[in-house]
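As a plain string of letters, each chain reads:
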Amino acid sequence: MLPTEDDLCRQYGVSRITVRRTMQSLGAAGLAPRRTASTPGSSEERKMTASVTIEPVSGKQLLGVARGHTVVADRPLEDGGTDTGLTAGEFLLAALGFCTMGTLLAYGSRMGLSMEGLKIQLAGEKARNPDRYGRIKVVVTVDEQVGGEIRQRLHRIAQACTIHNTLVHPVEIDVEIA
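An account of the accompanying structure is given in this report. (Residues numbered from 1 in each chain as written. Predicted model: local features only at pLDDT ≥ 70, side-chain atom pairs only at ≥ 80, totals over all residues. Heavy atoms only, no water.)

1. What to know about the overall build of the protein
Within the protein, the secondary structure is distributed over six helices and five strands. Each helix (α) and strand (β) of the protein, taken in turn from the N terminus, gives the series α-α-α-β-β-β-α-β-β-α-α. For the protein, the residues scored as buried account for 21% of the 178 residues in total. Long-range pairs, those at least 24 residues apart, make up 28% of the contacts in the protein between residues at least 6 apart in sequence. A total accessible area of about 13,600 Å² is found for the protein, and carbon and sulfur atoms account for 55% of it. (Helix = DSSP H or I, 4+ residues; strand = E, 2+ residues; numbered from the N terminus. Buried < 20%, exposed > 50% of the residue type's maximum accessible area, 1.4 Å probe, protein only. Contact = heavy atoms within 4.5 Å. Areas by Shrake-Rupley, 256 points an atom, 1.4 Å probe, with all protein chains shown as cover.)

2. Describing helix H4 (residues 88–111)
Taking 1.5 Å per residue as the helical rise, H4 with its 24 residues ought to reach 34 Å, and the 35 Å between its terminal C-alpha atoms agrees with that figure. Along H4, the residues that are buried comprise Gly89, Leu93, Ala94, Leu96, Gly97, Cys99, Thr100, Leu104, Tyr107 and Gly108. Those residues of H4 that are buried are in contact with strand E4 (119–127), strand E5 (132–141), helix H5 (148–158) and helix H6 (162–168). Two residues or fewer past H4, Gly112 is found with a positive phi of approximately 70°. (Expected span 1.5 Å × (residues − 1).)

3. Regarding the pattern of salt bridges
Any two side chains of opposite charge can pair, on the condition that their charged atoms come close. One pass over the structure, following the stated rule, counts four salt bridges. In this structure, the salt-bridge partner of Arg135 is Glu125, at a minimum N-O distance of 3.4 Å. Here Glu125 lies in strand E4 and Arg135 lies in strand E5, a separation of 10 residues in the sequence. Assessed through its relative accessible area of 46%, Arg135 is described here as partly exposed. Glu125 sits in the partly exposed class, given a relative accessible area of 45%. (Salt bridge = Lys/Arg side-chain N within 4 Å of Asp/Glu carboxyl O.)

4. Focus: the packing of H4 against H5
The geometry of H4 relative to H5 is characterised by a closest axis approach of 9 Å and an angle of 135° between their N-to-C directions. Taken together, the axes of H4 and H5 lie oblique to each other. H5 is crossed by H4, and the crossing has right-handed handedness. Taken together, the residues of H5 that come into contact with H4 (itself represented by Thr100, Thr103, Leu104, Tyr107 and Met111) are Arg153, Leu154, Ile157 and Ala158. For the contact of H4 with H5, the per-class residue count stands at six nonpolar, two polar and one charged. (Axes fitted to C-alpha atoms, helices over the stretch in contact; angles between N-to-C directions. Parallel < 35°, antiparallel > 145°, perpendicular 65-115°, else oblique. Left-handed = near helix turned anticlockwise from the far one by under 90°. Nonpolar A, V, L, I, M, F, W, Y, C, P; charged D, E, K, R; others polar.)

5. Here we look at the pairing of strand E3 (residues 69–73)
Relative to E3, strand E2 (residues 62–66) runs antiparallel, the two sharing five bridges. Each residue of the ladder has a partner; that of Ala66, found in E3, is His69. (Pairing = 2+ DSSP bridges.)

6. Focus on the sheet that holds strand E1 (residues 53–56)
Ordered by their spatial adjacency, three strands build an open sheet running E1-E2-E3, and the pairing between neighbours is antiparallel. Of all strands in the sheet, those bounded by a partner on one side alone are E1 and E3. On average, each strand axis in the sheet is tilted by 25° relative to the strand beside it, whichever way the strands run. In this sheet, E2 lies alongside E1 in antiparallel orientation, the contact comprising four bridges. Note that in E2 the partner of Thr53 across the bridge is Val65.

7. Observations concerning the environment of Val139
Assignment of secondary structure puts Val139 in strand E5. Sequence separation of Val139 and Gly97 is 42 residues, and the distance between their C-alpha atoms is 9.6 Å.

8. Quick look at the environment of Gly80
By the element assignment, Gly80 lies in the loop between E3 and H4. Distance from Gly80 to Gly59, taken between C-alpha atoms, is 8.3 Å for residues 21 residues apart in sequence.

9. Remarks on the packing of aromatic side chains
Under the definition given, this model contains zero aromatic pairs. The cationic tip of Lys126 hangs over the ring face of Tyr133; the distance from NZ or CZ to the ring centre is 5.8 Å. (Phe/Tyr/Trp six-rings, centres within 6.5 Å; stacked < 30°, edge-to-face > 60°. Lys NZ or Arg CZ within 6 Å of the ring centre and 35° of its normal.)

Below is the structure:
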């Protein structure tokens with residue numbers, strides 16, 4: 001059995017697209033098994049652990065639904081929206097902040113640390129070609145009595161949440177028009 005794409009990416013320090021193209025070439029030459037596209041209900045689809053549905057509401061308002069919870073995304077007034085919700089970019093920053101906060105709180109609880117005064121502020125700096133955030137700054141504020149060694153551990157733990165890992169490691173995004 002072949003290693004997973006993730007394993008090959010890590011082992012050889014290459015991108016997922018490089019692994020895929022190499023595997024396609026090897027498959028075409030008969031040197032590796034050919035992959036088939038996943039179908040609904042396939043093992044690949046069952047591995048998904050989170051699911052969100054997005055639908056337009058009105059104007060630039062969007063409704064997101066996950067596990068029965070709803071959120072509204074919108075654009076600011078100056079961008080033609082009604083400013084009734086966070087922008088998609090703000091949701092991205094919020095997701096990173098929520099994940100970081102949850103990871104830090106879980107660590108603090110496990111270690112018996114007081115996490116009083118814990119606060120996270122995030123800011124994104126836009127980049128172009130393609131449009132994206134080129135830099136995200138995360139500032140974690142902890143109680144001033146937290147010492148240097150604990151601060152170093154918290155710094156390391158803050159970079160271990162799932163959303164942080166997703167943003168800093170190559171992620172496969174498959175867009176399908178159904």
